[in-house]
Amino acid sequence: MDDARKAIESVFRIERVRLIGGLARRLRDLPLAEEFAQDALAAALVDWPRSGVPERPGAWLAAAARRRAIDHFRRREMWARRHAALAFEMPAAEDPVPALEARLDDEVGDESLALIFIACHPALTREARAALTLRLVAGLSVAEIARAFLLAEGAAARRITRAKAALAATGAAFEAPRGPDRAARIASVLEVLYLIFNEGYAPTSGAKPVRADLCAEALRLARALAHGCRAEPEVWGLLGLIELQGSRRNARATAEGLPIPLPEQDRARWDRLMIRRGLAALERARALGGEGGDYELQAAIAACHARASRPEAVDWAEIARLYDRLVEVRRSPVVALNRAVAWSMAEGPQEGLVHLRDIEAAGVLRGYAPLPAAIGDCLRRMGRPDLARPAFLQAARLSRNDAERAFLLRRADACVGSLPREGADDA
Amino acid sequence: MRVMVLVKATAASEAGEMPSEALLEAMTAYNEELAAAGVMLGGEGLHPSAKGKRIVFEGASRTVVDGPFAETRELVAGFWLLEVRDMEEAVEWVRRCPNPMRERSEIEIRPVFEAGDFGDAMTPELKDREETLRSRLDD
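Residues numbered from 1 in each chain as written. Chains lettered and ligands numbered in written order. Predicted model: local features only at pLDDT ≥ 70, side-chain atom pairs only at ≥ 80, totals over all residues. Heavy atoms only, no water.

Draft legend 1. Broad picture of the interface of chain A and chain B. At the interface, 33 residues of chain A touch 30 residues of chain B. Of the roughly 2,800 Å² buried at the junction of chain A and chain B (both faces included), carbon and sulfur atoms supply 43%. Counting the surface chain A buries against chain B, the share from its top three residues, A:I14, A:R220 and A:R272, is 23%. Where chain A meets chain B, there are nine salt bridges. In this structure, A:E15 and B:R96 form a salt bridge, with 2.3 Å as the shortest nitrogen-oxygen distance. Elements supplying a minimum of two residues to the side of chain A that touches chain B: α1 (2–27), α10 (212–228) and α12 (272–287) of chain A. (Contact = heavy atoms within 4.5 Å. Buried area = accessible area lost by both parts, 1.4 Å probe. Salt bridge = Lys/Arg side-chain N within 4 Å of Asp/Glu carboxyl O. Helix = DSSP H or I, 4+ residues; strand = E, 2+ residues; numbered from the N terminus.)

And the structure:
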């Protein structure tokens, strides 16, 4: 029985996107679509353990949800008629149910894709889009989403409910967008997938350095999206970026969960299959004319690391040049910070420090731990552990991620024993 | 997790019988579905073992044996590499694969090792060499 339930849940996990996507598109009502899909699952849980999993489980579930939808609208229609009669109004001449039935029967295009586009509607905040995507498209439970974003379960549930209400208020079409709208909608989807990936890969807070499940969901969604939007260069750029960064997920932290900086990572633990897939996706993005796109540039930077057989072989000058272009496309202070770090690796810590001090003076990254951490690192490499230590301590105070904080404190401690040296060290 | 899905050979596949147009069409649709779900990393069909060779290892000796090979049902006729959440999901995906053969056949699912699964047998020095080799292969 338990095995049967597990099997049914696996079926449902595979079918749910198409099921909900199809219902939402036809009914133009997301909560109802989810409700009918849930009803279909409940019916399967009763029926299948007795009669076995049907040969075409997807069709079975769709039929069950369709029956439930028609029942629902018939009841609602009867209600409306009774209500109309009471109000001495003539009932509507046309029975809407057959029209609805016709709509439920109409065959479709790509429903899973449509559902991603619905969940990532630009009218929603980034966080709402991410939560809704994980709930609707990846099928994560509210509890899992709460864990992913370090929210109380109630807060996660409210975020999702509000997102659905906001979506209903926009009257958005439940279809993959076409025409001039499309590029903006794709950008919105890409932003959400990368947010989900990053929440798994570099959690902003909490105890764990990598949440593999979130990375895996983002990767799966990006692969699915690339399959559905084959001609979109930035979709391939994002896929390349996620594959390349994800290839390092088993090398990024010690067994105790402390982060390991890129140059110190055990490259044997990098996932070669993901690297090959990532480089291929990057090639594809470029072949489609995506050179210079936001995600293409980020993927190109990740590729510089992936291609180097050892840390000394990394082409930092190339990375710094790529950051120069990226900072033009994505005017973000965090990118400016990474660019400064890249220049510190390409041209030495003094050069990096000049850029870092500029960013510090601009004041936009006040309270952002990686800024003092990078400053500390340049000072350490310049042979000034006495100046580096307070920077590392400041970074540790600012960090909200436990593992990162422990790492920064160790760096600060390492500065205590060593004395200032003459000259610079570019190691 | 990654799994290797192995389509086992049958007498017909070993005899070189090609899949029908209907089966090819169904397989294409199935592959589309795997890709659309973001699950498929790769997959290919294999020629009959008559076109294959085996290298038998015994201590220092190496003997090359030409196909075809006996024990038909243990031979592989094709494979997929999938990335799924768990074994249950892999089973469900394989259950919905079109029957690859006209006769009784089997498909086997085997989890793929991941970094870390080798434990201490992989010394730092071995890792270093493997890494150098792999990076050369990628160039």
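Draft legend 2. Molecular detail of the packing of aromatic side chains. Applying the stated criterion across every chain yields a total of four aromatic pairs over all chains. Between B:Y30 and B:W80, the aromatic rings sit 5.6 Å apart at their centres with planes inclined by 85°, giving edge-to-face as the arrangement. Placement of B:Y30 in helix α2 (residues 21–36) and of B:W80 in strand β5 (residues 76–83) is noted, with a sequence separation of 50 residues between them. For B:Y30, a relative accessible area of 4% translates into the label buried. For B:W80, a relative accessible area of 9% translates into the label buried. In this structure an aromatic cluster arises from ring pairing among A:Y194, A:F197 and A:Y295. Directly above the aromatic system of B:F69 lies the positively charged group of B:R54, at a separation of 4.0 Å from the ring centroid. Just above the ring of B:W93 sits the side chain of B:R96; from NZ or CZ to the centre is 5.8 Å. (Phe/Tyr/Trp six-rings, centres within 6.5 Å; stacked < 30°, edge-to-face > 60°. Buried < 20%, exposed > 50% of the residue type's maximum accessible area, 1.4 Å probe, protein only. Lys NZ or Arg CZ within 6 Å of the ring centre and 35° of its normal.)

Draft legend 3. Seen up close, the environment of B:N99. Residues and elements named next belong to chain B. For N99, the position within the fold is in the loop between α3 (87–95) and β6 (107–111). Between the C-alpha atom of N99 and that of M27, which follows or precedes it by 72 residues, the distance is 9.0 Å. Beyond its immediate stretch of four places on either side in the chain, N99 contacts L23 and S105. A distance of 3.1 Å separates the side chain of N99 from the backbone nitrogen of M101, its partner in a polar contact. (Polar contact = N/O pair within 3.5 Å; in protein donor to acceptor, adjacent residues only side chain to side chain.)

Draft legend 4. Up close: the packing of helix α13 (residues 294–307) of chain A against helix α14 (residues 316–329) of chain A. All names here are of chain A. Here α13 crosses α14 at 165°, and the two axes come no closer than 9 Å. Classified by the angle their axes make, α13 and α14 are roughly antiparallel. The handedness of the crossing between α13 and α14 is left-handed. Contacts between α13 and α14 involve D294, L297, Q298, A300, I301, C304 and H305 on the former and, on the latter, W316, E318, I319, L322, Y323, R325, L326 and V329. Considering only residue class, the contact of α13 with α14 consists of 10 nonpolar, two polar and three charged. (Axes fitted to C-alpha atoms, helices over the stretch in contact; angles between N-to-C directions. Parallel < 35°, antiparallel > 145°, perpendicular 65-115°, else oblique. Left-handed = near helix turned anticlockwise from the far one by under 90°. Nonpolar A, V, L, I, M, F, W, Y, C, P; charged D, E, K, R; others polar.)

Interpretation note: all reported values are geometric properties and have no functional meaning in isolation.
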